[in-house]
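# Per-entry structural report
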Amino acid sequence: MDPSQIDQILVNLCVNARHAIADVGRIIIETETRTFDEDYCATNIGFTPGDFVMLSVNDNGCGMDKKTQNRIFEPFFTTKKTGEGTGLGLATVYGIVKQNEGFINVYSEPGNGTTFKIYLPKHETMPEETKSQAALEPEIKGTETVLLVEDEQQILHMTTMMLEKLGYTVLAAQTPAEAMDTVKAHTSKIDLLMTDAVMPEMNGRELSENIKSLHQGLKVMFMSGYTADLIAHRGVLDEGVNFIQKPFPRRDLALKLREILDEADQ
């Protein structure tokens, strides 16, 4: 990949992030490697199986509604005032990513900032036989009951399927109010609450505190398209809580769940 294209991606995303921040704000740039299997990609439109390098740019600016998100990669579409933007910045980013056989994921909510995650195919420099055995290890499963709370219907459905394939009993709720009703109606033990950190009715921390008052000893794992640092900085979560960043492969979810649940059994 032409290194100047990475520069162009970063400049365009950071300029947009700066415009989204009204006063003092924060922009976080991160990189990591991610692997997506066929099962994950089958339930996530636009994702491709394989090893990728992720480039993430997130801000704590004004955020976007779904209507705006659906159009941001259109050439000449802009939310800026006349003369302040051409509407080509994100279209250029999208073109570069597609040209290099990658894909891009956007996570944003009004008032809660925006995260752009770009996935570019990882250049394989090592022989196939020297790859880590971790990918070949059997999945770590469980039998506990998980209360899953996620306001995005597609993510709720996909994560429910992942948890069920890992052996867990899933109580799924799309809103905090629905989650509270589920808890009150469920007479058996709930082992873990897995909740989105940012939701319209109340945030994940508030929901977990309400549910913990009814289920003593309940373990909690938060999830978000934002990074843990960003949502901790905004005061939504405390630092050091159990957290997994969306999107997550099933193996990463399996390992994180066992880490939390097994600690509870000690």
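In the block above lies the structure referred to throughout.
Structure report, in brief. As the structure is a computational prediction, the values presented were derived from the model and not from experiment.

### Brief notes about the sheet that holds strand β1 (residues 27–36)
- Reading across the sheet, the four strands line up as β1-β2-β4-β3 and stay open at both edges, with antiparallel pairing between neighbours. Edge positions in the sheet fall to β1 and β3 (103–108), since each has one partner strand and no second. Between one strand axis and the next, the sheet turns by 20° as a mean value, whatever way the strands run.
- Of the pairings in the sheet, the one linking β1 to strand β2 (residues 50–59) comprises 10 bridges and is antiparallel in character. Looking across to β2, one finds that Arg-34 is bridged to Phe-52.
- Here helix α1 (residues 3–20) sits on the sheet and contacts β1, β2 and β4 (114–121); the angle it forms with β2, its principal contact strand, is near 30°.
- The strands touched by helix α4 (residues 89–99) are β3 and β4; relative to β3, the strand with the most contacts, the crossing angle is about 140°.

### Let's talk about the packing of α1 against α4
- Packing of α1 against α4 leaves a shortest axis separation of 9 Å and a crossing angle of 145°. Crossing of α1 against α4: the hand is left-handed. In this structure, α1 uses Gln-5, Gln-8, Ile-9, Asn-12, Leu-13 and Asn-16 to contact α4, whose residues at the interface are Gly-89, Leu-90, Thr-92, Val-93, Ile-96, Val-97 and Gln-99.
- When grouped by side-chain class, the residues that make up the contact of α1 with α4 number six nonpolar, seven polar and no charged.

What counts and what doesn't
- Residues numbered from 1 in each chain as written.
- Predicted model: local features only at pLDDT ≥ 70, side-chain atom pairs only at ≥ 80, totals over all residues.
- Heavy atoms only, no water.
- Pairing = 2+ DSSP bridges.
- Helix = DSSP H or I, 4+ residues; strand = E, 2+ residues; numbered from the N terminus.
- Axes fitted to C-alpha atoms, helices over the stretch in contact; angles between N-to-C directions.
- Contact = heavy atoms within 4.5 Å.
- Left-handed = near helix turned anticlockwise from the far one by under 90°.
- Nonpolar A, V, L, I, M, F, W, Y, C, P; charged D, E, K, R; others polar.

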